[in-house]
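# Chain and residue survey
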Amino acid sequence: MFPASFGYVAARSVEEATELLTKHGEEAKLLAGGHSLIPAMKLGLAAPRYLIDLGHVPGLSSVRVDGESLAIGALTVHADVASSEIVRQRLSGLAEAASVIGDVQVRNRGTIGGSVAHADPAADFPVILSALNASFVLVSPSGKRTVPADDFFIDFFTTALVPNEVLTEIRVPLPASGAGTAYAKLGHPASGYVVVSAGVLVNRDASGRCASARVAIGGLGSGPRRAKATEAALQGQRLTPEIIAAAAAKAAEGTDPDGDTYASADYKRHVATIYARRAIESAVRRAEG
Ligand SMILES: Cc1cc2nc3c(=O)[nH]c(=O)nc-3n(C[C@H](O)[C@H](O)[C@H](O)COP(=O)(O)OP(=O)(O)OC[C@H]3O[C@@H](n4cnc5c(N)ncnc54)[C@H](O)[C@@H]3O)c2cc1C
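Just so we're clear, the structure is a prediction, and the values are computed from it rather than from any experiment. (Residues numbered from 1 in each chain as written. Predicted model: local features only at pLDDT ≥ 70, side-chain atom pairs only at ≥ 80, totals over all residues. Heavy atoms only, no water.)

### Notes on the nonpolar core
A general trend in soluble globular proteins is that nonpolar side chains are found buried together. So the rule is basically this: Take the buried Ala, Val, Leu, Ile, Met, Phe, Trp, Tyr and Cys residues and link them wherever side-chain atoms come within 4.5 Å; each set so joined is a nonpolar core. The classification of residues rests on relative accessible area computed with a 1.4 Å probe and restricted to protein chains. Under 20% of the type maximum is buried, over 50% is exposed, and intermediate values are partly exposed. Working definition: helices are DSSP H or I runs of at least four residues, strands are E runs of at least two. Numbering for both runs from the N terminus. Contact criterion: two residues are considered in contact whenever any of their non-hydrogen atoms come within 4.5 Å of each other.
By size, the foremost hydrophobic cluster in this structure holds 39 residues, and its most contacted members are L94, F125, L129, F136, I170 and V172. For this core, the leading source of residues is helix α8 (residues 125-131), giving 5 residues. Contacts of L94, omitting those with residues within four sequence positions, involve I72, V81, V87, F125, I128, L129 and L132. Counting 30 residues, the second largest nonpolar core, distinct from the first, contains L186, L220, I280 and A283.

### Things to note about the site of the ligand
The criterion, for reference: Residues are labelled near a given molecule or strand when at least one of their non-hydrogen atoms is within 4 Å of it. Here a polar contact is recorded for every N or O atom pair within 3.5 Å, except that within protein the pair must consist of a potential hydrogen donor and a potential acceptor, and residues adjacent in sequence are included only if both atoms are side-chain atoms. What sets the accessible areas is the Shrake-Rupley method with a 1.4 Å probe; for residues, cover comes only from the shown protein chains. Think of it as three bins: nonpolar holds Ala, Val, Leu, Ile, Met, Phe, Trp, Tyr, Cys and Pro, charged holds Asp, Glu, Lys and Arg, and polar takes everything else, Gly as well.
As a matter of local geometry, the ligand sits amid 29 residues, with L30, H35, L37, T111 and D124 nearest to it. In this structure, an oxygen atom belonging to the ligand sits 2.8 Å away from a main-chain N or O atom of G33. Within the side chain of S36, a nitrogen or oxygen atom sits 2.8 Å from an oxygen atom of the ligand. Protein burial of the ligand: of its 960 Å² of free accessible surface, 90% is covered by the chains. If you list the elements that add at least two residues to the shell around the ligand, you get β2 (28-31), α7 (112-118) and β10 (166-173). Classifying every residue of the shell around the ligand gives 14 nonpolar, 12 polar and 3 charged.

### Things to note about the side chain of S84
With respect to the secondary-structure elements, S84 resides in the loop between α3 (78-83) and α4 (85-90). Looking at S84, its side chain comes within polar contact range of the main-chain nitrogen of V87, at 3.2 Å.

### Some thoughts on the sheet that holds strand β5 (residues 69-73)
We count it as follows: Strands pair, by our definition, only if DSSP identifies at least two bridges between them. The axes used here are C-alpha line fits, helices contributing only the stretch in contact, and every angle between their N-to-C directions lies in the interval 0 to 180 degrees.
Taking strand neighbours across the sheet as the criterion, the 5 strands line up as β4-β5-β10-β6-β7 in an open arrangement whose pairing is antiparallel. The sheet is open, and its two edges are formed by β4 (63-66) and β7 (143-148), each paired on a single side. The average undirected angle you get between the axes of adjacent strands in this sheet is 25 degrees. Across 5 bridges, the pairing between β5 and β10 is antiparallel. Among the inter-strand pairings, G73 is bridged to a residue of β10, identified as E169.

Nothing here speaks to function; it is all geometry.
Structure, rendered in structure tokens:
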């Protein structure tokens, strides 16, 4: 299908992009990698009158250490997140998530900022970024604000972004030594999108017990969902296979996912416990070095 006709502007700066968004309001959409927006336009699910291309804005596609955090530019493509040396060394769960998104073409064009702004309930980055306690830097003509992942993902395809804001950077706290991260995904065999996935950050104390854990599950609702009962069951415990399995068994507590032609609601809930266990085990192995 052909999309409805639209105007196109290549923004040269974040400031110009926010000004154009303010001028055109809800009639305008930012364009990043185009791998969610263009298909939606071709299907008639979106019909913006203006596309504001961020692709020519300098300085939005780097991965750098900034103090105690990793700062990832919103235009960084999935493949560059997956292959970044610092991401692979310090945040292997994030590299793992980036490397299982779509196919090579999607990973070379799609951007981390576009993925989180789009907030598809079957996307990978929102899940691992919630587990990693990431935050999102949003810029508008009235200034800059930083929103933590727990407050950013609001509903199906809905985030804390307001219409004239640009997401410029994703900030991920660098885990302390003795911590481990991991991501495990059951992808849909046709689309590759998430059926169910789990992102995990485990911090161990000097005695090897779990000092704290963040576990986020994808596929059970409108967006990433913290598995608080699992996190509580890990806290303060020795991370034995039995403790991990018992904690992971709580991963779907309180969820009420929709079933679909591929996976029933019960199947999704069950698979969530399996993938949570796998991701926790993997994070713990990495934490143990
Ligand atoms: C065949 C195929 C398979 C895929 N498989 C997967 C998969 O397995 N897992 C997965 O997670 N994703 C998958 N995707 C989606 C892919 O990751 C997209 O690239 C991603 O969701 C959107 O990123 P983008 O840069 O292409 O954004 P775009 O499509 O350009 O934009 C998406 C939305 O975000 C907004 N936006 C973009 N950038 C910003 C910004 N900086 N600030 C504010 N708003 C912004 C746009 O206005 C638009 O509304 C797949 C896509 C395709 C086509």
